[in-house]
Amino acid sequence: MQAATQAVPDSKRMVWTGYVLSILPVLFLLLDAVIKVLRMDVAVQTTIQLGYPESTVVGMGLVLLVCVVLYVIPQTSVLGAILLTGYLGGAISTHVRVGSDLFSLIFPALLGAMLWGGLFLRDARLRALIPLRKPAAL
């Protein structure tokens, strides 16, 4: 007897599209993590403007860096995506709290959608878990 959710074989085009879709937010989030860990002035000033103490900058950068590394490793990519979703949700919440512009609210959500969309396209197990269409009738 076959399982109800069988993984559909990956097409090369779909997998490469998934990698391209994933690499853009990964590069942005890596840059964000590095400027926080290095305590660059732009990261420190932005963190203070958003209402967080300066002492949290490096910690937030390290958390973000760990989450991105987990996302990039294929065996832990789903865990990384879950943790990045939480991180980006916190970013959205922060921007709502301080009354930021619409772009600042939408951008983290767009990054999260790109991360999950890219992972969905390149991981057959995730597609089997979250089918976007009804399975064929038996």
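Just above sits the structure.
Computed from a predicted structure; not experimentally measured.

Caption draft 1: Helix α2 (residues 41–49), seen in detail. Buried within α2 we find A43, V44 and T47. Seen along its axis, α2 keeps its buried residues to an arc of 100 degrees; they face one direction. In α2, the exposed positions that point more than 90 degrees away from the buried face belong to D41, V42 and Q49. Those residues of α2 hidden inside the fold are in contact with α1 (12–37) and α3 (57–72).

Caption draft 2: Spatial organisation of the packing of α3 against helix α4 (residues 77–98). Their axes nearest at 6 Å, the elements α3 and α4 cross at an angle of 145 degrees. Here α3 runs over α4; the crossing is left-handed. Facing M60, V63, L64, C67, V68, L70 and Y71 of α3, the residues of α4 in contact are S77, L79, G80, A81, L83, L84 and Y87.

Caption draft 3: Local environment of the packing of aromatic side chains. Going through the model one piece at a time under the given rule, you end up with three aromatic pairs. Note on F28 and F107: the rings are 5.0 Å apart at their centroids and 85 degrees apart in plane angle, and the pair reads as edge-to-face. Taken together, the residues span a long stretch of sequence, with F28 in helix α1 and F107 in helix α5 (residues 102–122) at a distance of 79 residues. Here F28 falls in the partly exposed class, since its relative accessible area comes to 36%. Looking at R97, its charged tip hangs above the ring of Y52, at a distance of 5.5 Å from the centre.

Caption draft 4: Molecular detail of the side chain of R127. Within the secondary structure layout, R127 lies in helix α6 (residues 124–129). When its relative accessible area of 11% is taken as the criterion, R127 is described as buried. A distance of 3.0 Å separates the side chain of R127 from the backbone oxygen of F120, its partner in a polar contact.

Caption draft 5: Inspection of unusual backbone geometry at higher detail. At R39, a position not held by glycine, the phi torsion is positive, near 55 degrees. Positionally, R39 belongs in the loop between α1 and α2. Since its relative accessible area comes to 37%, R39 is described here as partly exposed.

Caption draft 6: Expanded view of the nonpolar core. If you look at the biggest cluster of nonpolar residues, it comprises 16 residues, and the most contacted ones within it are L29, L64, V68, Y71, L84 and L115. Ignoring any residue separated from it by four or fewer positions in sequence, one finds L29 in contact with L64, V68, L84, L88, L111 and L115.

Criteria and thresholds
- Residues numbered from 1 in each chain as written.
- Predicted model: local features only at pLDDT ≥ 70, side-chain atom pairs only at ≥ 80, totals over all residues.
- Heavy atoms only, no water.
- Buried < 20%, exposed > 50% of the residue type's maximum accessible area, 1.4 Å probe, protein only.
- Helix = DSSP H or I, 4+ residues; strand = E, 2+ residues; numbered from the N terminus.
- Arc of directions from axis to C-beta.
- Contact = heavy atoms within 4.5 Å.
- Axes fitted to C-alpha atoms, helices over the stretch in contact; angles between N-to-C directions.
- Left-handed = near helix turned anticlockwise from the far one by under 90°.
- Phe/Tyr/Trp six-rings, centres within 6.5 Å; stacked < 30°, edge-to-face > 60°.
- Lys NZ or Arg CZ within 6 Å of the ring centre and 35° of its normal.
- Polar contact = N/O pair within 3.5 Å; in protein donor to acceptor, adjacent residues only side chain to side chain.
- Core = buried A, V, L, I, M, F, W, Y, C linked by side-chain atoms within 4.5 Å.

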